[in-house]
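Chain and residue survey
Okay, here's what each chain looks like letter by letter:
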Amino acid sequence: CACEASGGLSGGGRGDLTSNQLLVFPNPAQGQLHVVTAEGGQFILYNELGVMVRQFQLEGGEENVLSTDGLPTGIYHLKAQSATGVQMRKLMVGR
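Keep in mind it's a predicted model, so treat the numbers as computed, not measured. (Residues numbered from 1 in each chain as written. Predicted model: local features only at pLDDT ≥ 70, side-chain atom pairs only at ≥ 80, totals over all residues. Heavy atoms only, no water.)

For the rest of this paragraph, the subject is the pairing of strand S4 (residues 41–47). Summarising burial for S4: 6 of the 7 residues are buried, a large majority. Two strands pair when backbone bridges link them, and S4 and strand S5 (residues 52–58) are joined in this way by 6 bridges, in the antiparallel orientation. Opposite Phe43, over in S5, you have Phe56 as the bridge partner. The hairpin turn running from S4 into S5, its antiparallel successor, is 4 residues long, and Gly50 in that turn takes a positive phi close to 85°. With 6 bridges connecting them, S4 and strand S7 (residues 74–82) associate as antiparallel partners. Across the sheet, the residue bridging to Asn47 is Tyr76, located in S7. (Buried < 20%, exposed > 50% of the residue type's maximum accessible area, 1.4 Å probe, protein only. Helix = DSSP H or I, 4+ residues; strand = E, 2+ residues; numbered from the N terminus. Pairing = 2+ DSSP bridges.)

Right under this line is the structure:
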């Protein structure tokens, strides 16, 4: 898997998040995508055809930085699965 995730690279924890909050930025992403979630869990990135292109585990309460290198320009859907449920976010990857 070409997944690159590392926790806490850009400023550390975000203790002000509610238990189900998921922040994904910038949108559109170019080079890096930042994901902040109150709860860690499994994250799956799907392309606009619904094909899984990346899968990774992220830590909760931290800013996780993901590389978009190797992803073609287009629309993607990020599925976040945690103990409290599933959330989806739509995002664009550009060059």
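That bond from Phe25 to Pro26 is cis: its omega, -10°, falls within 30 degrees of zero. Mapped onto the elements of the fold, Pro26 is located in strand S2 (residues 22–30). The step from Asn27 to Pro28 runs through a cis peptide bond, and the omega angle for that step is 15°. Its location among the elements puts Pro28 in strand S2.

Here we come to the confidence of the model for the chain. When pLDDT is averaged along the chain, the result is 83, and 79% of the positions lie at 70 or above. Model confidence for the chain, summarised as mean pLDDT per element, is weakest for strand S1 (residues 5–7) at 39 and strongest for S4 at 96. Within the model, pLDDT remains below 50 along residues 1–15, and this stretch shows 33 contacts once partners closer than five positions in the same chain are excluded. (pLDDT = per-residue confidence, 0-100. Contact = heavy atoms within 4.5 Å.)

Let us now look at a nonpolar patch on the surface. Together, Leu49, Val51 and Val53 make up an exposed nonpolar region whose accessible area comes to about 290 Å². Position of Leu49 among the secondary structure elements: in the loop between S4 and S5. Judged by its relative accessible area of 74%, Leu49 falls in the exposed class. (Patch = residues over 30% accessible without salt bridge, like charges linked within 9 Å, V, L, I, M, F, W, Y side chains within 5 Å. Areas by Shrake-Rupley, 256 points an atom, 1.4 Å probe, with all protein chains shown as cover. Salt bridge = Lys/Arg side-chain N within 4 Å of Asp/Glu carboxyl O.)

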